[in-house]
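Residues per chain are reported as follows:
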Amino acid sequence: MSKIGIIMGSTSDLPIMQQAIEVLEGFDIEIEVDIVSAHRTPEKLFDYAKNAHSRGIKVIIAGAGGAAHLPGMVASLSPLPVIGVPVKSRNSIDGWDSVLSILQMPGGVPVATVALDGALNAGILAAQIIGANDPCVLDKILVYKEGLKQKVIKGAKEVSTK
């Protein structure tokens, strides 16, 4: 079974990252959650990034606020796809510092970046990456997307004046 790693720079990021945790649990995808700070625990970051694939992790979701170096540093060390979640932290400049720190990676070190506080989409994207090679996960994603469609159709019926 495929596993997704979810890491964040501090416990203050957990309320946002919980969205990814919950959506992946809903898809019955195994997850590993940890706190890994690029600035306060660099040795742990290096170990995590270099060895995640050997623990069966297939995709890493990394959330960070402020300078947001965690996703890029993990991507520089890991052979796995990394999805960065910029988190608007209390010391943030409207969140743009986090967005740009994750989005503006140099050539050769890609990080797929979702919207500010967009951990839900990070979880869905990680599941879609897994689903590309796992028919069971793919089926769950198809059901999820159909549910989104039905929710819009239901909402349209409720507000329609026709």
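Check the entry above for the structure.
In short, a report on the structure. This one's a predicted model, so the numbers in the text were calculated from it and none came from an experiment.

## A word on the side chain of S2
Along the chain, S2 turns up in the segment before strand 1 (3–8). According to the relative accessible area criterion, S2 is buried, its value standing at 16%. Apart from residues no more than four positions distant in its own chain, S2 is found in contact with I29, E30, G56, K58 and I130.

## Observations regarding the layout of surface pockets
Taken as a whole, the largest pocket holds about 420 Å³ of empty space. Among the residues forming the lining of the largest pocket, the class breakdown is six nonpolar, 10 polar and four charged.

## Points about the sheet that holds strand 1
Taken in spatial order, the five strands make up an open sheet running 2-1-3-4-5, and their pairing is parallel. At either end of the open sheet lies a strand with only one pairing partner, and these are strand 2 (30–35) and strand 5 (112–113). Packed onto the sheet, helix 1 (residues 14–26) meets strand 1, strand 2, strand 3 (57–65) and strand 4 (82–87) and runs at close to 170 degrees relative to strand 1. Strand contacts of helix 3 (residues 70–77): strand 1, strand 3 and strand 4, with the helix running at about 150 degrees to strand 3, the strand carrying the most contacts.

Thresholds, definitions, all that
Residues numbered from 1 in each chain as written. Predicted model: local features only at pLDDT ≥ 70, side-chain atom pairs only at ≥ 80, totals over all residues. Heavy atoms only, no water. Helix = DSSP H or I, 4+ residues; strand = E, 2+ residues; numbered from the N terminus. Buried < 20%, exposed > 50% of the residue type's maximum accessible area, 1.4 Å probe, protein only. Contact = heavy atoms within 4.5 Å. 1 Å grid on protein atoms, 1.4 Å probe; cavity = no way out; pocket = protein on both sides within 12 Å on 5 of 7 lines; lining within 4 Å. Points joined across faces, edges and corners; volume = space filled by probe spheres on them. Nonpolar A, V, L, I, M, F, W, Y, C, P; charged D, E, K, R; others polar. Pairing = 2+ DSSP bridges. Axes fitted to C-alpha atoms, helices over the stretch in contact; angles between N-to-C directions.

Everything listed is a geometric property; what it means functionally is a separate question.
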